[in-house]
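Observations on chain architecture
Read off the chains here:
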Amino acid sequence: MWPCITICRPLLLKLRSRYAFSKDTRQTLVSPSKLIFRPSASCTGVGKKWTRPTGYDTGLKTYNSLTKQKEPLILAQEGIATWYSCGPTVYDHAHLGHACSYVRFDIIQRVLSRVFGINVIHVMVITDIDDKIIRRALEKSVSPTVLARMYEEEFKNDMLALKVLPPAVYLRVTENIPQIVAFIEGIIRNEHAYATKQGDVYFDIGSIGDRYGKLMGAGDATGEPGDREKRDSRDFALWKASKPQEPSWESPWGKGRPGWHIECSTIASSVFGSQLDIHSGGIDLAFPHHENEIAQCEAYHQSGQWGNYFLHSGHLHLKGSAEKMSKSLNNYITIKDFLESYSANEFRMFCLLTKYRSAIDYSDASLNEARSSLATITAFTHDAQAYMRGQLQCQAVEEGALWERLAETKANVVRALADDFDTPRVVNAIMSLVYHGNRHLQPITKPDRSPRSPAVFGAFLAYIREVFEVLGVDLLDRKEAHSVDSSGTLENVVEQLARFRSDVRAFALSVQDTPPGEPAHASPSPCSEKLPLLKACDTLRKDLASMGVHIRVSACVCQWGLLKGGRGRRSYSVSFIKIVKH
């Protein structure tokens, strides 16, 4: 179960009391189940022009789909961002196309809250009544409610598995029908919607003139199928009259159910009122869904600008295909199936390697790139820890240059995140830091007495871990480490075995001192009696490799690594490395 975060409820109630029933909209609460809306004026505004909000300037810039360019992110309240996102229509398994959008926006929300100190109040709707749900329920001979609850639960579990933070609250459409009916009544009273004799209600696009099409342009509107009583082919349904074998609710226009777009306008307004900071979703939702949301909200609230910023994530494509991953195209991979072969960390790194609003190609090569990046960071972490423990001998470190490199990286990361959440630049900055760290961690064949600099590597590791923790990547991999061996016994046993092998090998390679008066050999070699020991060491090394324990031997150190891989994994990744002197 994906529980609602109750700690945010007092703030949500405060926002609701401040905005949802404000003087600007002149709304009066008459009962818990129904609102009466009293419009104050006709719709205002000048066409599709975006108005820069007044309020708290965060110092960030974000790409706004309303203006097709980066804009300063200005919030209505200092330190608080109101954020609404369209949740899933729960009629089937969630797939990687969904996951990509939710993970990308989860990253942005984490950055806002943990880097820039902004409290994100995120509300998500669960569409649990829809044409697709009804059709699938009939196919499976179950009620739409049972079907929706089953896939809703699966979606929430998938999000938890991908480490996506839950919203402050999620709201189901079927639990907000009275509010939706009241919202439609308000739009009708404002003369922006009309009812037909059949009991349908349509939004009247002609009534708002050139203000329709803020996201995609009015010329892109092709309309949706409907009856002959529609005034304009572009008019879309707010309420659909009931049909046989379909769930329905009472309304002033007869029994029926909500249209698709009205649910989001109603639910977002019920929490945040007449003003919203940020609205997010996949780019495929920009038209008609988000376009129609804007029209509905501005017609209802009698405002010229309801949502200030619309953020859209790019499509996920299968490599070599121009088509997005989609259930309707039957070209999707479920989240559950994906996690049989890859980890949540690897998928998140995959998302971090491209800008959130860019299309992204899914392939084994792109996933392996993400996996390789994580492995590089993990290997650097273990080498740096070995150096700090005194188990890895290197040449003198240019400590001053490394401290400067760390300070420069920190500044670059903040600049990148403030510039439309540019995560590829962040990853590149971290990988560059790792590269410069690795340059100083090259083992030497003969230990010297040069000064050591463990503190700077400790600072490197702390910062790298902090950045990825903010982005939702757990470099410690606590869950997987626990599944391999929660007690640490396996690690200790392997370490002792590697140490014993190292000691035996060192003894076998040792050469006796040449007695006085006897000529010294140009290339001393182990005596024949010790050769079986060397052979046994090599055999043990090969046997351990087949079990996932790999030992690397250099001139003065022995490194061992326990490699892991769950069921269905296509390759292994390093879990930990110990260094044993010999």
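Above this note sits the structure.
Description of the structure in this document.

Criteria and thresholds
Residues numbered from 1 in each chain as written. Predicted model: local features only at pLDDT ≥ 70, side-chain atom pairs only at ≥ 80, totals over all residues. Heavy atoms only, no water. Helix = DSSP H or I, 4+ residues; strand = E, 2+ residues; numbered from the N terminus. Buried < 20%, exposed > 50% of the residue type's maximum accessible area, 1.4 Å probe, protein only. Contact = heavy atoms within 4.5 Å. Areas by Shrake-Rupley, 256 points an atom, 1.4 Å probe, with all protein chains shown as cover. Pairing = 2+ DSSP bridges. Axes fitted to C-alpha atoms, helices over the stretch in contact; angles between N-to-C directions. Expected span 1.5 Å × (residues − 1). Right-handed = clockwise from strand over helix to strand, strands pointing away. Lys, Arg positive; Asp, Glu negative; His and termini not counted. Salt bridge = Lys/Arg side-chain N within 4 Å of Asp/Glu carboxyl O. Polar contact = N/O pair within 3.5 Å; in protein donor to acceptor, adjacent residues only side chain to side chain. Disulfide = S-S within 2.5 Å. Phe/Tyr/Trp six-rings, centres within 6.5 Å; stacked < 30°, edge-to-face > 60°. Lys NZ or Arg CZ within 6 Å of the ring centre and 35° of its normal. Parallel < 35°, antiparallel > 145°, perpendicular 65-115°, else oblique.

Within the chain one finds 16 helices and 18 strands. Counting all 582 residues of the chain, 52% fall into the buried class. For the chain, restricting intrachain contacts to residue pairs at least 6 apart in sequence, the fraction spanning at least 24 positions comes to 75%. Carbon and sulfur atoms provide 52% of the accessible area of the chain, an area that totals close to 27200 Å².

Further remarks concern the sheet that holds strand 8 (residues 193-195). Backbone hydrogen bonds are what pair the strands of a sheet, in a parallel or an antiparallel way. Reading across from one edge, 8-9-10-11 is the order of the four strands in this open sheet, with antiparallel pairing throughout. Since the sheet does not close on itself, it has two edges, and those belong to strand 8 and strand 11 (256-258), each with one partner. Looking at each pair of strands side by side, their axes are set apart by 20° on average, direction ignored. Bridge count between strand 8 and strand 9 (residues 201-203): three bridges; the pairing is antiparallel. Residue A193 lies in a different strand from strand 9, and its bridge partner there is F203. Across the sheet, helix 5 (residues 177-189) is in contact with strand 8, strand 9, strand 10 (237-241) and strand 11; its angle to strand 10 comes to roughly 120°.

This paragraph deals with helix 12 (residues 423-439). In a regular helix each residue adds 1.5 Å, so 17 residues correspond to 24 Å; helix 12 covers 24 Å between its end C-alpha atoms and thus fits that length. Here helix 12 has its buried residues at T423, P424, V426, V427, A429, I430, L433, V434, H436 and G437. Turning to helix 12, the residues buried within the fold contact helix 2 (96-114), helix 9 (344-352), helix 10 (364-388), helix 11 (399-418) and helix 13 (454-471).

Once that is clear, we can look at the pairing of strand 13 (residues 307-313). Burial analysis of strand 13 places seven of its seven residues in the buried class, which makes it a mostly covered element. The sheet contact formed by strand 12 (residues 276-282) and strand 13 spans six bridges and is parallel. Counterpart to I278 in the pairing with strand 13 is Y309. In this fold, strand 12 hands off to helix 7 (residues 286-301), which returns the chain to strand 13; that crossover is right-handed.

In this section: the sheet that holds strand 5 (residues 80-89). In space, the five strands of this open sheet follow the order 7-6-5-12-13, with parallel pairing throughout. Either end of the sheet is taken by a strand with one partner, and the two such strands are strand 7 (169-172) and strand 13. Taken pair by pair, the neighbouring strands of this sheet meet at an average axis angle of 25°, ignoring direction. The strands touched by helix 7 within the sheet are strand 5, strand 12 and strand 13, with strand 12 carrying the most contacts at an inclination of about 160°.

With that settled, consider the environment of T89. In this structure, T89 sits in strand 5. Relative accessible area serves as the criterion here: at 22%, T89 is assigned to the partly exposed category. In sequence terms T89 and I126 are 37 residues apart; their C-alpha atoms lie 6.5 Å from each other. With residues near it in sequence (within four places) discarded, T89 still touches T127, D130 and I133.

Another point: the side chain of D130. Position of D130 relative to the elements: it lies in the loop between strand 6 (119-127) and helix 3 (131-140). At 5.7 Å, K132 is the nearest oppositely charged side chain to D130, a buried residue that forms no salt bridge. Looking at D130, its side chain comes within polar contact range of the main-chain nitrogen of K132, at 2.8 Å. In this view, D130 contacts T89 and R257; residues no more than four positions away in its chain are not counted.

Another aspect to go through is the state of the cysteines. Taken as a whole, this structure holds zero disulfides when the rule is applied. With no disulfide of its own, C264 lies 3.9 Å from the sulfur of C86, the closest cysteine sulfur.

Let us look at the packing of aromatic side chains. Where two aromatic rings form a pair, the distance of their centres and the angle of their planes describe that pair. One pass over the full model with this rule turns up 18 aromatic pairs. With a centroid separation of 5.3 Å and an interplanar angle of 65°, the aromatic rings of Y102 and F155 are classed as edge-to-face. With Y102 in helix 2 and F155 in helix 4 (residues 144-161), the pair connects residues that are 53 residues apart, well separated along the chain. Across the pair, F155 and Y102 agree in class, each one buried. Consider the rings of F347 and F350, whose centres lie 5.8 Å apart with planes at 35°: the pair is tilted. One end of the pair, F347, and the other, F350, are both in helix 9, three residues apart, so they sit about a helical turn from each other. Its relative accessible area of 3% is what places F350 among the buried residues. Every member of this aromatic cluster is reached through a ring pair, and the members are F338, Y342, F347, F350 and Y362. A cation over a ring is seen here: R231 above Y194, with NZ or CZ 4.1 Å from the ring centre.

Quick look at the packing of helix 3 against helix 4 now. Here helix 3 crosses helix 4 at 105°, and the two axes come no closer than 9 Å. Considered as vectors, helix 3 and helix 4 are oriented roughly perpendicular to each other. Counting all contacts with helix 3, which are made through I133, R136, A137 and K140, the residues of helix 4 involved are P144, L147 and Y151.

Scanning the entire structure with this criterion turns up 22 salt bridges. Across the pair R172 and E175 runs a salt bridge whose closest N-O atoms are separated by 2.8 Å. Where K355 meets D422, a salt bridge forms, and the shortest distance between an N and an O atom there is 4.0 Å. Taken together, the residues K355 in the loop between helix 9 and strand 15 (360-362) and D422 in the loop between helix 11 and helix 12 connect sequence positions 67 residues apart. Residue K355 is classed as partly exposed on the basis of its relative accessible area of 35%. Given a relative accessible area of 6%, D422 falls into the buried group. Within the structure, one salt-bridge network assembled from shared partners comprises K70, K355, D419, D422 and R425.

Okay, unusual backbone geometry next. Put simply, F287 and P288 share a cis peptide bond, and its omega is 5°. In the Ramachandran plot, Q302 falls in the positive-phi region, its phi being about 55° despite a non-glycine side chain. Of note, Q302 is situated in the loop between helix 7 and strand 13.

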